[in-house]
Every structure is written in structure tokens, then in C-alpha cells.
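Each chain, written out:
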Amino acid sequence: MTGKSEHRGHCRCGAMVMIAAAEPVFSVYCHCDDCRRAAGAPVLAAVAFMKDAIDWQSAGSLKRHTNGTAHRLFCGECGSPVAQEHDSAADRTFFNTGFMDAPERYPPQAHTFEGEQLGWLELKDSLPRAKATLSIKRP
């Protein structure tokens, strides 16, 4: 993830559009129960950008759900999960990789909460695996 370029994401209906004008700071697979439930998937892939680099082109339908210190962002029109923010990493937003217009640009760099990975999910890679999070604190 090098070189300056624009990074854009949008929800299914287009009501939520964001552009980040800086490179991402981190990309990850998260296996925690909360991320799985929020994404409706066996694992969540996310890419983090510093908040000061994010320009919400349209965010009129942005909704938030708070669970402890995690804040889930989603589109109030189509329900698409968009991102997560965490009190202990208040300077960044973790966008769901599927929200990004070019998700192939953000391959995960690590796995977090590997102890919560579903037993039937096999991801064979050589990425580092952490028992907890690498960049945020969990309540």
C-alpha cells in the first residue's frame, strides 16, 4: 500500500460515498464475534484510514450503532455495513473492504482474534495471527 492516490468507497444504493486522500494505515481480517455479526459473514476484512484524510461525499444516511467502545457505521437507506470506529483508535476509521470500490487494493496484512475464528473456515496464508487486536483495545 504505497504511493499517493485516491481511495473511494460506496454503499449498495450510493447514498454513502467516501473518498480518502491518503494511503491506508492498516488492513486486517478480524475474526471476533462482534465483527462477524456486524458483517453477516464468517470473517470481516477491513482497511483503516486516518479520519483527517476522509471526505464523506455523501453521508446523509449514515447511521451508527454503538456496542461498548465500538461504533458500527451503516447506510440507513440500504443497510450496507460501511465501517467501524473504536474509542481506543479514535483517529482512524476501519472501512469494510467490501465497501471500497477497489477491494483488491487492500489485501489484509494480519489476522486478529484468531481464537474466535470459526473452526470450519480455512484461510491458508502466512499472515501474522494475533490472539487479540493489533491496533485497538477491546472492552
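Scroll up a little and you will see the structure.
Conventions adopted
Residues numbered from 1 in each chain as written. Predicted model: local features only at pLDDT ≥ 70, side-chain atom pairs only at ≥ 80, totals over all residues. Heavy atoms only, no water. Pairing = 2+ DSSP bridges. Helix = DSSP H or I, 4+ residues; strand = E, 2+ residues; numbered from the N terminus. Buried < 20%, exposed > 50% of the residue type's maximum accessible area, 1.4 Å probe, protein only. Core = buried A, V, L, I, M, F, W, Y, C linked by side-chain atoms within 4.5 Å. Polar contact = N/O pair within 3.5 Å; in protein donor to acceptor, adjacent residues only side chain to side chain. Contact = heavy atoms within 4.5 Å.

Side note on the sheet that holds strand β6 (residues 62-67)
Thinking step 1. If you walk across this open sheet you meet the seven strands as β6-β7-β8-β9-β4-β3-β10, and the pairing is mixed. Looking at strand neighbours, the two that pair on one side only are β6 and β10 (111-112), the edges of this open sheet.
Thinking step 2. Bridge count for strand β4 (residues 44-50) against strand β9 (residues 92-96) is five bridges, and the pairing is antiparallel. If you follow A46 over to β9, its bridge partner there is N96.

Some remarks on the pairing of strand β7 (residues 70-75)
Thinking step 1. β7 sits mainly inside the fold: five of its six residues count as buried.
Thinking step 2. In this structure, β6 lies alongside β7, joined through six bridges in antiparallel fashion. For H65, the partnering residue across the bridge sits in β7 and is R72.
Thinking step 3. With five bridges joining them, β7 and strand β8 (residues 81-86) adopt antiparallel strand pairing. Paired with L73 across the two strands is A83, which belongs to β8.

Re the nonpolar core
Thinking step 1. If you look at the biggest cluster of nonpolar residues, it comprises 15 residues, and the most contacted ones within it are M18, F49, V82, F95, F99 and M100.
Thinking step 2. Among the elements of the structure, β2 (17-20), β4, β7 and β8 are those that each provide at least two residues to this core.
Thinking step 3. Judged by nonpolar contacts, the second largest core, of seven residues, contains A46, A48, A89 and F94.

Things to note about the side chain of H71
Thinking step 1. Relative to the elements of secondary structure, H71 occurs in strand β7.
Thinking step 2. The exposure class of H71 is buried, given its relative accessible area of 17%.
Thinking step 3. Here the side chain of H71 touches D87 through a polar contact of 2.6 Å, side chain to side chain.
Thinking step 4. H71 has contacts with R64, H65, T66, A83, Q84, E85 and D87, leaving out every residue within four places of it along the chain.

Functional significance is not addressed by these values, which are geometric in nature.
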